[in-house]
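Letter by letter, the chains look like this.
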Amino acid sequence: VYLSDIPWRSAYTGWINAAYAPLPKLNSAFHGAPLALGGELYSKGIGTYPLSEIEYTLDGNYDALEAYIGIDKNATSNDGSVIFYIFADDKLVYNSDVMRKNSPSHHIKISLYNASTIRLVVTDAGDGSQGDFADWADIKIFPSRAVNVRYVMSWINGTITSLFPATSELAK
C-alpha cells in the first residue's frame, strides 16, 4: 500500500510562504516536479521540506515499510542537507546520515510489526533549509501476514468431529 494513497493523520512542513500551503506534496516533489532521486523518477511518494512531520495511523495492521529517500535531484540549490527519521509508536526506528543533493538515495526497509502509528520526520541537518527538498519516494507499507481467525471445534469422546469459523458471538 503506497502511503501517498492513504490519508495521513497529520502533516506539516517548515515551508512558510503565504502563496503555498505548508503541507507535503503527494506523488510529486515539494517544488512540484516529479519525484527524482539520482537518475530515477518515481510516480508515487511524498515530497516535503524541513522541518516536516507526517503521521499515519496503522493500528498494528502492517509489518514493514520500504522507501527510497534523499534530496530531490531537481532541488533549486546544491546546498541542501537533510536527515530522515522514522518513529513507530514514538520510538525511533530509523535515522539516516546527513544526506545532500549529491548523496546517493538510500533504499530503506523498516519493521513496523504491531505499530499503531508511524511518524516520518525530515530535519534540515542543522545548517538551514536552503535547497532541502526531501523525497520519500516509492514509500509503501506492507500488510501483516498474520491472520486472526478463530475456530470452534466439536469434540466427541476426545475426537474432533467438526471445525468451522466462529461467529462474532462465539469468538468472544
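Placed above this text is the structure.
Here goes a summary of the coordinates provided. One numbering rule holds for all chains: residues counted from 1, following each sequence as written. Local features are withheld for residues below a pLDDT of 70 in this predicted model, meaning they are given only at 70 or higher, and side-chain atom pairs are given and counted only at 80 or more; totals for whole chains, interfaces and linings count all residues. Calculated side-chain values reflect all of the structure's heavy atoms, with hydrogen atoms and water omitted.

**A look at the side chain of Asp-135**
Applied cut-off: Secondary structure follows DSSP: runs of H or I at least 4 residues long count as helices, runs of E at least 2 residues long count as strands, and numbering of each begins at the N terminus. Exposure classes here rest on a 1.4 Å probe applied to the protein chains alone. A residue is buried below 20% of its type maximum, exposed above 50%, and partly exposed in between. We treat Lys and Arg as the positive residues and Asp and Glu as the negative residues; His and chain ends play no part in the count. Salt bridge, as used here, is a side-chain nitrogen of Lys or Arg placed within 4 Å of a carboxyl oxygen of Asp or Glu. Residue contacts follow a heavy-atom distance rule, with two residues in contact if any of their heavy atoms lie within 4.5 Å.
Examined against the element boundaries, Asp-135 turns out to sit in strand β13 (residues 134-143). Summary of buried charges: Asp-135 has no salt-bridge partner, and the nearest side chain of opposite charge, Lys-73, is 10 Å away. In this view, Asp-135 contacts Ala-29, Leu-35, Ala-36, Leu-37, Ile-46, Gly-47, Tyr-68, Ile-69, Gly-70, Asp-72 and Phe-84; residues no more than four positions away in its chain are not counted.

**Digging into the pairing of strand β12 (residues 117-123)**
Spelled out, the test is: Two strands form a pair only when DSSP identifies at least two bridges running between them.
Burial analysis of β12 places 7 of its 7 residues in the buried class, which makes it a mostly covered element. Side chains of β12 alternate between two faces, with Thr-117, Arg-119, Val-121 and Thr-123 and Ile-118, Leu-120 and Val-122 buried alike. With 6 bridges joining them, strand β6 (residues 52-57) and β12 adopt antiparallel strand pairing. The partner of Ile-54 across the bridge, within β12, is Leu-120.

**A word on the environment of Ala-64**
Relative to the assigned elements, Ala-64 resides in strand β7 (residues 62-71). Residue Ala-64 is classed as partly exposed on the basis of its relative accessible area, which comes to 22%. A sequence separation of 45 residues divides Ala-64 from Lys-109, and the C-alpha atoms of the two residues are 6.9 Å apart. Ignoring sequence-local partners within four residues, the contact set of Ala-64 consists of Ile-110, Ser-111, Leu-112, Lys-140, Ile-141 and Phe-142.

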